[in-house]
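Architecture and fold: a report
What follows is the residue order along each chain.
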Amino acid sequence: MIEARGLTKRYGTKTAVYNLSFQVRPGLVTGFLGPNGSGKSTTMRMILGLDTPTSGEVTVSGRPYRQLPNAPRHVGALLDAKAVHGGRSARQHLLCLAQLSGIPARRVDEVLGVVGLKEVAGKRSKGFSLGMGQRLGIAAALLGDPQVLLFDEPVNGLDPEGIHWVRNLMRRLASEGRTVFVSSHLMSEMALTADHLIVIGRGQLLADMGVKDFIARNSTGYALVRTPDEPGVREKLTAALHEAGGGVQPEQDGALRVTGLELPRISDLAHQADVRLWELSPHHASLEEAYMRLTQGAVDYRSTHDPRAGFQQPGPQGQTLPGQLPPPATGYGQPQPYAPQGAPHPYAPQGGQLPPQAPAYGQAPAYPPGPVPQGPPPQGGFGAPPAPHHAAPAAPAAPPQAPAAPATDQPDAEDR
Ligand SMILES: Nc1ncnc2c1ncn2[C@@H]1O[C@H](COP(=O)(O)OP(=O)(O)OP(=O)(O)O)[C@@H](O)[C@H]1O
């Protein structure tokens, strides 16, 4: 078990982590998510005693890392796969680590086998690819057969086979009752690997809950409806759905995206309007959509459109040249693709849209504080807007520099 209480880290005037409190429990894979620069690595370094908290504390199995007897046998970590002496072979690197921790040398060959590096164990690690370096870092983490494992971006640079292997490794380690804490930006992978999520933005806790709850609370499902391509049919159905209180958005391929109505109701309304349906299918949001929706106000680094001034030759009659993409409608990280059309953002005050940026430290929070409601995710019509994590709409009586209170939850038995 890893437990953080009021963990804060400042580097000069920069607050990297603010007042983080969470538990990472054994027997689960806990995903640690957050935009670039949100404080994940800083938090992991504090867990491992590599950085000292400015305030608050973090313990592993009840003790600060530096007070753990034979810590490397108890906690294994992959933080920076490049932190290897390039002149040493993979085997030499692991032998050094094993010696320092009193781990028998035969264990080195075991972990080299586990990570698939046996064939290249005698080669200097400076010639290793990114993925091979990751495998070596994972081998080092497994060396002491630890009960607690931390992995910072473990699939970075791995090929699909490697990603699949890491997923299975994490799940197996958790099923053996170990504590597995893993950060990643690959949402599709996290959706397959993690049981529980801790999400931070600008150093603050945004969510602490099971994956299914997280998706349910931060996204909106919808129904996809397709009619025959006959004059007036879509318009007739759209009017009937609107009248019944549904939200209807035309898709580019002619289908209709319907929110706020259950599938049977849509079917009945179509029948009453004398409209045949060629498709009526439920669509559930992905972890990526839910994550984007939650963190859209806490992203520090956003791309802008590249105008390529002076580099673009207009095509005949303004057409796009082959291989030339039209400019995107929005920059990466913009809310439009993920925020359901017309739906209020769950964290915005009074159900409005979130401001483009989360507040700076010390400003009024954009995320209303309060505990996450316990129990199952909210039930609503199909595609009903997700319920807010927070009960209280008003800003807290915060201490100077205090940002939003975190959204936390303690579910899990039913998470997977
Ligand atoms: N040693 C340091 N000195 C000063 N600032 C630091 C230091 N380490 C981290 N920071 C800052 O703290 C913030 C959090 O950084 P951190 O590396 O923990 O984020 P992260 O969530 O791991 O990011 P990424 O997803 O990009 O790896 C960043 O603004 C970073 O610049």
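Given the structure is predicted, the values throughout are model-derived calculations rather than measurements.

Analysis parameters
Residues numbered from 1 in each chain as written. Predicted model: local features only at pLDDT ≥ 70, side-chain atom pairs only at ≥ 80, totals over all residues. Near = placed C-beta within 6 Å. Helix = DSSP H or I, 4+ residues; strand = E, 2+ residues; numbered from the N terminus. Nonpolar A, V, L, I, M, F, W, Y, C, P; charged D, E, K, R; others polar. Pairing = 2+ DSSP bridges. Axes fitted to C-alpha atoms, helices over the stretch in contact; angles between N-to-C directions. Buried ≥ 20, exposed ≤ 12 C-beta atoms within 10 Å, placed from the backbone. Contact = placed C-beta atoms within 7 Å. Parallel < 35°, antiparallel > 145°, perpendicular 65-115°, else oblique. Left-handed = near helix turned anticlockwise from the far one by under 90°. Core = buried A, V, L, I, M, F, W, Y, C linked by C-beta atoms within 7 Å.

Brief notes about the site of the ligand
- Around the ligand sit Tyr11, Lys14, Ala16, Gly34, Asn36, Gly37, Ser38, Gly39, Lys40, Ser41 and Thr42, and those are all the residues in its vicinity.
- Secondary-structure elements contributing two or more residues to the shell around the ligand are β2 (14-24) and α1 (40-47).
- Among the elements that make up the shell around the ligand, the one with the highest residue count is α1 (three residues).
- Class assignment for the residues of the shell around the ligand results in two nonpolar, seven polar and two charged.

Re the sheet that holds strand β13 (residues 279-283)
- Taken in spatial order, the four strands make up an open sheet running β11-β12-β10-β13, and their pairing is antiparallel. Lying at the two open borders of the sheet, with one neighbouring strand each, are β11 (247-250) and β13. Pairwise comparison of adjacent strand axes, ignoring direction, gives a mean angle of 25° for this sheet.
- Two strands pair when backbone bridges link them, and strand β10 (residues 222-226) and β13 are joined in this way by five bridges, in the antiparallel orientation. Counted as the bridge partner of Val225 is Leu280 from β13.

Digging into unusual backbone geometry
- Phi at Ser61 is positive, roughly 50°, even though this residue is not glycine.
- Structurally, Ser61 can be placed in the loop between β4 (55-60) and α2 (71-74).
- Its identity is not glycine, yet Asp274 carries a phi of approximately 60°, on the positive side.
- Tracing the backbone shows Asp274 in the loop between α10 (263-272) and β13.

Examining the sheet that holds strand β8 (residues 196-201)
- Strand order in this open sheet of six strands is β5-β6-β7-β3-β8-β9, and the pairing throughout is mixed. Of all strands in the sheet, those bounded by a partner on one side alone are β5 (75-78) and β9 (204-210). The sheet shows a mean angle of 15° between the axes of neighbouring strands, direction not considered.
- Taken together, the six bridges between β8 and β9 define a ladder with antiparallel strand orientation. The residue of β9 that forms the bridge with Ile198 is Asp208.

Notes on helix α11 (residues 287-295)
- Burial of α11 is extensive: eight of the nine residues sit out of reach of the surface.
- Looking at α11, one finds that the buried residues are Leu287, Glu289, Ala290, Tyr291, Met292, Arg293, Leu294 and Thr295.
- Contacts from the buried residues of α11 go to β3 (29-33), α7 (187-193), β8, β9 and α8 (211-217).

A closer look at the environment of Leu136
- For Leu136, the position within the fold is in helix α5 (residues 130-142).
- You can call Leu136 buried: it has 25 C-beta atoms within 10 Å.
- As a C-alpha pair, Leu136 and His93 span 43 residues in sequence and 9.0 Å in three-dimensional space.

Describing the packing of helix α3 (residues 90-100) against α5
- Where α3 contacts α5, the axes come no closer than 10 Å and their chain directions differ by 25°. The pairing of α3 with α5 is recorded here as roughly parallel in orientation. Note that α3 runs across α5; the crossing there is right-handed. Counting all contacts with α3, which are made through Ala90, His93, Leu94 and Leu97, the residues of α5 involved are Leu136, Ala139 and Ala140.
- Along the lines of polarity and charge, the residues of the contact of α3 with α5 split into six nonpolar, one polar and no charged.

Thoughts on the nonpolar core
- One finds Leu94, Ala139 and Leu197 to be the most contacted residues of the largest nonpolar core, which totals 78 residues.
- Tallying contributions element by element places α5 first for this core, with seven residues.
- Once residues within four sequence positions are removed from consideration, Ala139 is found in contact with Leu94, Val111, Leu112, Val114, Val115 and Leu117.

Topic: the pairing of β3
- Most of β3 sits out of view: five of its five residues are buried.
- Along β3, one buried face is formed by Val29, Gly31 and Leu33 and the opposite face, lined by Thr30 and Phe32, is buried too.
- The pairing of β3 with strand β7 (residues 179-183) spans four bridges and is classified as parallel. The partner of Phe32 across the bridge, within β7, is Ser183.
- In this structure, β3 lies alongside β8, joined through four bridges in parallel fashion. Residue pairing across strands places Leu33 opposite Val199, the latter belonging to β8.

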